[in-house]
Number of protein chains: 2
Amino acid sequence: MDLNLARTFLTVVYGGSFVLAAERLCVSQTTVTARIKSLEEQLGAQLFVRSASGSSLTPAGERFVPHAQQLLATWQDALRNMSACERKEPLRIGAETGLWQPWLTRWLSWLKLEQPDLHMQARVGQGSMLLDQMENGTLDILLSHQARYRPALHVRLLMEETLVQVRHVENPEPHIQTDWGEAFRQQFELAFPAQHAQIETNVGQLALQLLLEQGGTGYFRSQVVAPWLASGQLMRVAGAPEFSLPVYVMTRKACNHPQLQTALHGIGQLVRQPPHPHDSAVPASDITHE
Amino acid sequence: MDLNLARTFLTVVYGGSFVLAAERLCVSQTTVTARIKSLEEQLGAQLFVRSASGSSLTPAGERFVPHAQQLLATWQDALRNMSACERKEPLRIGAETGLWQPWLTRWLSWLKLEQPDLHMQARVGQGSMLLDQMENGTLDILLSHQARYRPALHVRLLMEETLVQVRHVENPEPHIQTDWGEAFRQQFELAFPAQHAQIETNVGQLALQLLLEQGGTGYFRSQVVAPWLASGQLMRVAGAPEFSLPVYVMTRKACNHPQLQTALHGIGQLVRQPPHPHDSAVPASDITHE
DNA sequence: TGCCCTTACGAAGAGCGTAAGGATG
DNA sequence: CATCCTTACGCTCTTCGTAAGGGCA
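Because the structure is a prediction, the values reported are computed rather than measured. (Residues numbered from 1 in each chain as written. Chains lettered and ligands numbered in written order. Predicted model: local features only at pLDDT ≥ 70, side-chain atom pairs only at ≥ 80, totals over all residues. Heavy atoms only, no water.)

A. Here's a closer look at the side chain of Gln165 of chain B. All names here are of chain B. Tracing the sequence through the fold places Gln165 in strand S6 (residues 153-168). A relative accessible area of 7% means that Gln165 is categorised as buried. Apart from the residues within four sequence positions on either side, Gln165 is in contact with His175, Phe192, Thr217, Gly218, Tyr219, Met235, Arg236, Val237 and Ala240. (Helix = DSSP H or I, 4+ residues; strand = E, 2+ residues; numbered from the N terminus. Buried < 20%, exposed > 50% of the residue type's maximum accessible area, 1.4 Å probe, protein only. Contact = heavy atoms within 4.5 Å.)

B. How the structure looks around the UniProt feature "domain: HTH lysR-type" (unreviewed entry) in chain A. In the numbering used here, UniProt assigns the "domain: HTH lysR-type" (unreviewed entry) feature to residues 1-58 of chain A. Secondary structure across residues 1-58 of chain A comprises 62% helix and 14% strand; the distance between its end C-alpha atoms is 20 Å. (UniProt positions renumbered as here; feature names shortened; annotations may be inferred.)

C. Fine view of the protein's contact with DNA strand C. In the vicinity of DNA strand C, 20 residues are found, and the nearest of them are Gln29, Arg50 and Ser55 of chain A together with Thr31 and Arg35 of chain B. When atoms of DNA strand C within 4 Å of the protein are split into backbone and base, the sugar-phosphate part holds 73%. With respect to DNA strand C, the backbone of Val19 of chain A contributes an N or O atom lying 3.2 Å from a phosphate oxygen. In this structure, a phosphate oxygen belonging to DNA strand C sits 2.6 Å away from a side-chain N or O atom of Arg35 of chain B. The set of elements that each furnish at least two residues to the surface near DNA strand C consists of helix H2 (18-25), helix H3 (29-43), strand S1 (48-51) and strand S2 (54-57) of chain A together with helix H3 (29-43) of chain B. (Near = heavy atom within 4 Å. Polar contact = N/O pair within 3.5 Å; in protein donor to acceptor, adjacent residues only side chain to side chain.)

D. Summary view of the protein's contact with DNA strand D. Near DNA strand D, the surroundings consist of 20 residues, among which Thr31 of chain A together with Gln29, Thr33, Arg50 and Ser55 of chain B are the closest. What you see for DNA strand D is that sugar and phosphate hold 72% of its atoms within 4 Å of the protein. Side-chain polar atom of Arg35 of chain A to a phosphate oxygen of DNA strand D: 3.0 Å apart, as the coordinates give it. A distance of 3.1 Å separates a phosphate oxygen of DNA strand D from a polar atom in the backbone of Phe18 of chain B. Counting only elements with at least two residues in the surface near DNA strand D, the list comes to H3 of chain A together with helix H2 (18-25), H3, strand S1 (48-51) and strand S2 (54-57) of chain B. The element that contributes the greatest number of residues to the surface near DNA strand D is H3 of chain B, accounting for four residues. Within the surface near DNA strand D, the residues separate by chemical class into six nonpolar, 10 polar and four charged. (Nonpolar A, V, L, I, M, F, W, Y, C, P; charged D, E, K, R; others polar.)

E. How the structure looks around the interface of chain A and chain B. Listed as interface residues are 29 residues of chain A and, on the opposing side, 29 residues of chain B. When the area that chain A buries against chain B is broken down by residue, the three leading residues are Arg63, Trp75 and Met82 of chain A, summing to 24%. Viewed at the interface, chain B and chain A are joined by seven residue pairs in polar contact (both at pLDDT 80 or more). For the side of chain A that touches chain B, the elements supplying multiple residues, two or more each, are H3, helix H4 (59-84) and helix H10 (260-271) of chain A. Ranked by residues supplied to the side of chain A that touches chain B, first place goes to H4 of chain A with 13 residues. (Buried area = accessible area lost by both parts, 1.4 Å probe.)

F. The arrangement of the domain arrangement of chain A in detail. The assigned domain composition of chain A is domain 1 (3-64), domain 2 (91-158 + 247-286) and domain 3 (160-245). Of note, the centres of domain 1 of chain A and domain 2 of chain A, computed from C-alpha atoms alone, are 31 Å apart. (Domains from an automatic or database assignment.)

G. Spotlight on the environment of Ala68 of chain A. All names here are of chain A. Summarising the element assignment, Ala68 is placed in helix H4. By relative accessible area, Ala68 is classed as buried at 0%. With 29 residues separating them along the chain, Ala68 and Leu39 place their C-alpha atoms 11 Å apart. Ignoring any residue separated from it by four or fewer positions in sequence, one finds Ala68 in contact with Ala6, Phe9 and Leu10.

H. Examining the pairing of S1 of chain B more closely. Where S1 of chain B and S2 of chain B come together, four bridges link them in antiparallel fashion. Following the sheet pairing, Val49 of chain B is matched in S2 of chain B by Ser56 of chain B. (Pairing = 2+ DSSP bridges.)

I. Spotlight on the pattern of salt bridges. Residues and elements named next belong to chain A. Summed over all chains, the structure comprises 18 salt bridges over all chains. A salt bridge links Glu135 to Arg148; the shortest N-O distance between them is 2.7 Å. Linking Glu135 in helix H6 (residues 127-136) with Arg148 in the loop between strand S5 (141-144) and strand S6 (153-168), this pair joins segments that are 13 residues apart in sequence. With a relative accessible area of 40%, Glu135 lands in the partly exposed category. As a salt-bridge pair, Asp140 and Arg252 come within 2.8 Å of each other at their nearest N and O atoms. Placement of Asp140 in the loop between H6 and S5 and of Arg252 in strand S11 (residues 243-252) is noted, with a sequence separation of 112 residues between them. The pair formed by Asp140 and Arg252 is uniform in burial state, with each residue classed as buried. A single salt-bridge network, built from bridges that share partners, covers Asp132, Glu135, Arg148 and Arg150. (Salt bridge = Lys/Arg side-chain N within 4 Å of Asp/Glu carboxyl O.)

Quick look at the structure:
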């Protein structure tokens with residue numbers, strides 16, 4: 001029995017439906033189905049009554065609730081107790097400016113859920129500055145678009161995002177340039193040798209907000225702009241090349257923080273998940289929240 | 001976190017070494033290493049001090065013991081509570097005579113460990129009789145060398161054992177014939193048309209015991225006789241053909257006993273494991289225990 | 001028809017065993 | 001140098017996501 005099953009069970013209980021639980025747990029709905037099914041088999045009893053309006057507990061499910069709570073509570077307790085005597089030094093996590101949304105934020109909340117008592121320190125900044133900190137030993141783990149290979153560092157390619165050029169439907173001006181890192185800059189200058197941006201920024205969300213309000217053209221991560229492309233507010237610029245934007249996660253080999261592996265595992269999980277409904281379904285509020 | 005990790009942890013604690021824990025859990029020793037390592041990573045603390053004379057708890061490990069116990073106890077409690085209101089009808093398990101050792105015995109003890117409160121009924125007998133019971137609906141799950149395909153039954157090939165002919169090193173007489181089932185009998189008569197056995201039995205272990213004490217020749221499962229072949233008490237009969245002996249597990253599709261899946265899963269696990277050290281290392285005592 | 005859940009299936013990852021190597025008394 | 005544990009590697013099974021289907025208002 002995996003404690004994930006108990007957690008999934010309770011999430012369904014609290015939410016009242018598999019769909020909602022899936023969202024809260026950041027997994028697909030079929031995964032919730034499979035987990036509940038597995039739990040039901042192990043317990044030898046049906047836990048939920050499925051209906052068109054959601055799922056409600058059977059008597060057996062009702063009786064399992066306190067046990068599930070106890071299991072999770074015991075585990076949390078154990079985590080607390082263990083980390084209590086461990087080094088109090090925080091796990092220092094860095095992310096390049098373009099990456100804190102949504103990856104760093106999701107990552108931190110995942111970590112907080114998983115290790116409630118973990119002391120962590122999050123920094124957002126220029127890639128090269130953070131890379132220096134990694135080498136200094138003043139940063140433990142870094143999310144960046146640029147990799148720097150050193151004997152003391154461990155580099156892993158997390159994923160490849162795609163940058164596409166989009167424009168406001170009505171007004172293609174001004175040209176807004178986002179600093180997506182050194183590698184992108186080089187590629188971009190090769191593709192558009194004579195182009196000079198009217199506006200430059202180092203935060204994608206800022207550029208996007210400007211573009212939506214004032215009009216303009218610029219490069220953005222395809223996942224991020226997908227909802228506006230769908231709604232017709234933005235459109236792809238015909239003929240503009242796409243760029244690939246790798247994301248690396250780096251760690252110091254010398255870092256022996258006990259939760260380093262946990263953190264690495266967590267970010268690995270997150271990037272494999274599809275864009276969360278919340279992230280794309282309510283684009284307007286996403287922007288205003290910044 | 002999987003509860004297996006907690007169970008493994010406690011087994012190591014009680015036994016004092018990874019090797020011993022591996023034996024008790026019927027897994028390889030590297031598996032124990034991996035599980036403990038995983039647990040240590042999730043807890044962010046080292047649990048054992050490894051030494052040449054075994055493993056002892058670190059302070060952190062010491063503190064984790066009660067939590068691990070609590071986790072397992074809670075889960076056992078949940079199982080008890082769930083099955084308490086379930087049908088009281090026992091899960092009826094059958095096995096053909098040749099299969100109760102070692103498979104049925106291991107299976108039952110695994111089930112008892114996994115589902116302490118499961119009410120079960122074990123029957124050993126002639127394959128055809130048990131097959132009839134399956135069709136009658138008076139048996140839920142059956143381990144047999146013969147398959148019978150019926151719409152109401154679900155058949156799965158569990159594994160293929162190999163029968164080899166062996167003889168006592170000094171004395172090849174008498175010829176002892178074990179009834180390994182219908183399929184084997186047919187194959188055997190094809191291979192040895194004129195042969196008539198001096199002694200017939202329907203229990204392999206009985207034949208083996210006779211053969212070891214009195215001398216003789218006969219067909220046995222290769223895994224079972226391996227230790228005596230190695231020790232030189234027995235030898236293969238040159239030129240004698242090998243026979244393949246399939247093992248099927250059958251279930252009634254109509255059976256909705258809540259623990260049926262658990263049981264199926266368990267036997268699937270067991271057959272994938274190598275012959276347990278105990279089973280082959282101490283052949284003499286194995287025999288006398290019967 | 002829309003919502004909620006299940007089934008089928010392929011791909012990625014986890015778990016486990018074998019074989020070989022390091023440490024420690 | 002024997003015992004106990006770890007590492008490396010390959011295989012298998014599990015798990016998860018995508019796509020498609022069923023039941024119920």
